[in-house]
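Summary of the model geometry
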Amino acid sequence: MGCDLANLPDDLVTNRQQCARSTRLFDARRDAAFGDALNMLRLGVPLLFVLIWSTGFIVAKAVVLHADLQWFLVARFFLTALVMGCAALIAGAQWPGVRRAAPHVLAGALMQGIYLCASYWAISRGLAAGVMSLLGALQPLFTALLAVSVMGRTLQPRAWAGLLIGFAGVGLVLAPKLASHGVGSLTPLPVAAGLVSVFAVTTGTVVQKRLATTDLRTTASIQSFGAAIFAALAVLFIGTPRWDGAPILWGALAWAVLVPSVVGTTLLMWMMRHGEATKVTALLLLVPPLAAVQAYLFFGETLAPLQFLGFALALGGVLMTRSARAPS
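Now for a quick tour of the structure. (Residues numbered from 1 in each chain as written. Predicted model: local features only at pLDDT ≥ 70, side-chain atom pairs only at ≥ 80, totals over all residues. Heavy atoms only, no water.)

For the protein chain, the count of helices and strands is 13 helices and zero strands. For the protein chain, the sequential pattern of α-helices and β-strands runs α-α-α-α-α-α-α-α-α-α-α-α-α. Here the protein chain holds 328 residues, and the buried ones make up 44% of them. Pairs at least 24 residues apart make up 86% of the contacts formed inside the protein chain by residues separated by at least 6 positions. For the protein chain, the accessible area works out to roughly 16,600 Å², and carbon and sulfur atoms hold 70% of it. (Helix = DSSP H or I, 4+ residues; strand = E, 2+ residues; numbered from the N terminus. Buried < 20%, exposed > 50% of the residue type's maximum accessible area, 1.4 Å probe, protein only. Contact = heavy atoms within 4.5 Å. Areas by Shrake-Rupley, 256 points an atom, 1.4 Å probe, with all protein chains shown as cover.)

Together, Phe 78, Phe 225, Ile 229, Leu 233, Leu 236, Phe 237 and Ile 238 line one region of the surface with nonpolar side chains, adding up to about 720 Å² of accessible area. In terms of residue count, the dominant contributor to the nonpolar patch is helix H9 (residues 216-238) (six residues). Following the sequence through the fold, Ile 238 ends up in helix H9. (Patch = residues over 30% accessible without salt bridge, like charges linked within 9 Å, V, L, I, M, F, W, Y side chains within 5 Å. Salt bridge = Lys/Arg side-chain N within 4 Å of Asp/Glu carboxyl O.)

With 62 residues, the main nonpolar core has Phe 57, Val 63, Phe 72, Tyr 120 and Leu 127 as its most contacted residues. Counting residues per element, this core draws most heavily on helix H4 (residues 98-124), at eight residues. Once residues within four sequence positions are removed from consideration, Leu 127 is found in contact with Ala 122, Met 132, Leu 135, Leu 174, Leu 186 and Pro 190. Phe 49, Val 259, Leu 267 and Met 271 belong to the second-largest nonpolar core, a separate cluster that totals nine residues. (Core = buried A, V, L, I, M, F, W, Y, C linked by side-chain atoms within 4.5 Å.)

Our focus in this paragraph is the packing of helix H6 (residues 139-149) against helix H8 (residues 188-209). Where H6 meets H8, the closest approach of the two axes is 9 Å, and the angle between their N-to-C directions is 65 degrees. The orientation of H6 with respect to H8, classified from their angle, is roughly perpendicular. Relative to H8, H6 is oriented so that their crossing is right-handed. Counted together, Gln 139, Phe 142, Thr 143 and Leu 146 of H6 and Leu 195, Val 198, Phe 199, Val 201, Thr 202, Thr 205 and Val 206 of H8 form the full contact between these two elements. Among the residues making up the contact of H6 with H8, the classes are represented as seven nonpolar, four polar and no charged. (Axes fitted to C-alpha atoms, helices over the stretch in contact; angles between N-to-C directions. Parallel < 35°, antiparallel > 145°, perpendicular 65-115°, else oblique. Left-handed = near helix turned anticlockwise from the far one by under 90°. Nonpolar A, V, L, I, M, F, W, Y, C, P; charged D, E, K, R; others polar.)

On to the side chain of Gln 112, then. Its location among the elements puts Gln 112 in helix H4. Residue Gln 112 is classed as buried on the basis of its relative accessible area of 12%. Beyond its immediate stretch of four places on either side in the chain, Gln 112 contacts Phe 77, Ala 107, Cys 117, Gln 223, Ser 224 and Ala 227.

Pasting the structure below:
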């Protein structure tokens, strides 16, 4: 919008001045509106991502009665690779060569394949969806341990305190189930599988950060293909041919492919490439409470008072570790 001042009569000075002021005011409002929209996008995208991400383990809980979870993951990963691959082809995106694609396959196998195969197996063996989500939120603690043990870095005392508090909180969450017997009890093996899944996604994140930037669609397709390869291998060892074809099963598969895998993964990679990683890791602390609430509403999973305390301590420990200065 603007005013053609040159065509106005010279004696209409007042009108010309008012028109100029209106133009400046419009430009200022337009810039302000654009800035507000950009800020809303930067805030809304991480919030949407966290809400989507919190449904990941709820899907496993919904599917476990109708299909083997490893078979479900094979279907999910292959369909995701197909959807994102078709999107890349339609958009004419450039695909990396075999040498550049190999690290993406590895990252996908770690961040999605091992992570979800191990965590879904743990859920199928009795680990609560909310608790598995809490273990997933421990990634900053595992990153700190990886930096110390593998990279030879040092941590601030605050970070060490966060590690101790975080793992102590997890102990409080798990203790009642590990100590009980009979229905609802938990053995150490699913817990170990959950921790292995967190270590895998932590390592995969390190690999992901070292990868060269490629198109989001081709990256998601290749990484989903890597995850599908690992899930297919997992079927050979821990899978069973169980798939009853119930409507809830097909609905869960459609949701898992289109929402967490396609939309969620795309949002995650977009945020990492636009400097939103810090905001994401902070908001990820909301995932376990959201997952616990959803597990309660849909499946009746409950937590004892001691476990609520453990949740708070674990998330507080993660927050302390994150807020400490980066390892040196």
